[in-house]
Amino acid sequence: MPTSTANENAVTPAEWQRTDLYRFFAWVFARPTRECFNFLSQPAAPESLRNLWKQIARDGDFPAFEWFTRYEDYESTYIALFDVGVPEPPVPLFESAHDKSHPAQETALENTYFYEVLGLKSDPSRAVPDYLVTQLEFLAAIRYTRENTREEATAVALARAEAEFLERHLLNWIPTAKAKLDRTGAPGFAVVMTLLMQFLSHRHEGRARRA
C-alpha cells in the first residue's frame, strides 16, 4: 500500500467515527466557503472520503472522487447546480422541490413540527424549513441532545424522532436529488451526495433498531 503524504494526512475511520456527520454534510452542502474548498481539494481528500465510505457503506466500491482545482469553479458550479435555473435549479436543495406528493407548504409545516420537538425554529430569512442544511442541523441537534441526556425515556423518544424524521423527510427526497445530480456529471458533488445517502441510510437503520 502506498504511504504518500496524502494518505498520511487522510482522515481515518476512527476520526470519522468521532465526527458529527450531520454537521459535516451540512457544511459541505451549505453556501461555498474557502474552508470547505480547501478540505475537499487537498490531496488526502479522496482517501479521507474512502475511509468514510468504509465506515458507512453497506456494499459497493467507493466511486472515484475528483474536486475542483480552482475556488471560482467550485463556487460557480455550486450556484449553477443548486441555486439558479429556470423554472428552478437542476438540483434544488430543499425537499418540496423533489417530493410532489404533498403541497410545499404542508412539507414545510411538517418539518417545522419536528423542529419544535427541541424548541427550534428555522430562520425564514435564511432558508425554508425543508432546506437540506436546516434538516441536517436539526438532526445534529437531535443527536447531541440524545447523547447528552441522562433520561432513558428522553433518549428513546429522540432516537424514535430521528428515525422518523429520516424516513419521512431526508430519505424521502435525497435519492431523487441524487439521481438528478448524477445526470449533471458535475465533479465532486455527486460523490458527496452518494456518501450522504449512505450515511442517512446507515443512521436510519441504527436508530430504527433502537427505537
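Relevant structure appears above.
The text that follows walks through the structure, step by step, so that each part is easy to find.

1. Description of the overall build of the protein chain
When helices and strands are tallied, the protein chain shows 10 helices and 0 strands. If you list the helices and strands of the protein chain from N to C, you get α-α-α-α-α-α-α-α-α-α. The buried share of the protein chain, reckoned over its 211 residues, is 47%. Within the protein chain, contacts between residues separated by at least 24 positions form 71% of all contacts whose residues are at least 6 apart in sequence. For the protein chain, the exposed area adds up to about 11,100 Å²; of that, 51% sits on carbon and sulfur atoms. Positive and negative side-chain charges of the protein chain, numbering 23 and 29 respectively, have mean locations separated by a distance of 3 Å.

2. With respect to the pattern of salt bridges
Proximity of charged atoms lets side chains of opposite charge pair with each other. Overall, the coordinates contain 11 salt bridges when judged by the stated rule. Of the charged contacts, one joins aspartate 20 and arginine 23 as a salt bridge, the two residues approaching to 3.7 Å between their closest N and O atoms. Arginine 50 is the partner of glutamate 47 in a salt bridge, and the nearest nitrogen-oxygen pair spans 2.7 Å. Within this pair, glutamate 47 and its partner arginine 50 are both found in helix H5 (residues 45-56), separated by 3 residues, close to a single helical turn. Classification of arginine 50 by relative accessible area gives partly exposed; the value is 31%. In the salt-bridge network here, residues are joined through shared partners; they are Asp20, Arg23, Arg143, Arg146 and Glu147.

3. Re the nonpolar core
In this structure, Phe25, Phe29, Leu170 and Phe189 are the most contacted members of the largest nonpolar core, which totals 60 residues. What phenylalanine 189 contacts, discounting residues up to four positions off in sequence, is Phe29, Trp67, Phe68, Tyr74, Thr77, Tyr78, Leu81, Phe82 and Leu181.

4. A closer look at the packing of aromatic side chains
Under the definition given, this model contains 26 aromatic pairs. Seen from their ring centres, phenylalanine 68 and tyrosine 74 are 6.3 Å apart, and the 50 degrees between their planes marks the pair as tilted. Each member of the pair, phenylalanine 68 together with tyrosine 74, is buried. Joined through ring pairs, the aromatic side chains of Phe29, Phe37, Phe65, Trp67, Phe68, Tyr71, Tyr74, Tyr78, Phe82 and Phe189 make up one cluster. The ring centre of tyrosine 71 lies 4.0 Å from the NZ or CZ of arginine 34, which sits over that ring.

About the thresholds
Residues numbered from 1 in each chain as written. Predicted model: local features only at pLDDT ≥ 70, side-chain atom pairs only at ≥ 80, totals over all residues. Heavy atoms only, no water. Helix = DSSP H or I, 4+ residues; strand = E, 2+ residues; numbered from the N terminus. Buried < 20%, exposed > 50% of the residue type's maximum accessible area, 1.4 Å probe, protein only. Contact = heavy atoms within 4.5 Å. Areas by Shrake-Rupley, 256 points an atom, 1.4 Å probe, with all protein chains shown as cover. Lys, Arg positive; Asp, Glu negative; His and termini not counted. Charge placed at Lys NZ, Arg CZ, Asp CG, Glu CD. Salt bridge = Lys/Arg side-chain N within 4 Å of Asp/Glu carboxyl O. Core = buried A, V, L, I, M, F, W, Y, C linked by side-chain atoms within 4.5 Å. Phe/Tyr/Trp six-rings, centres within 6.5 Å; stacked < 30°, edge-to-face > 60°. Lys NZ or Arg CZ within 6 Å of the ring centre and 35° of its normal.

Any functional reading would require information that these geometric values do not contain.
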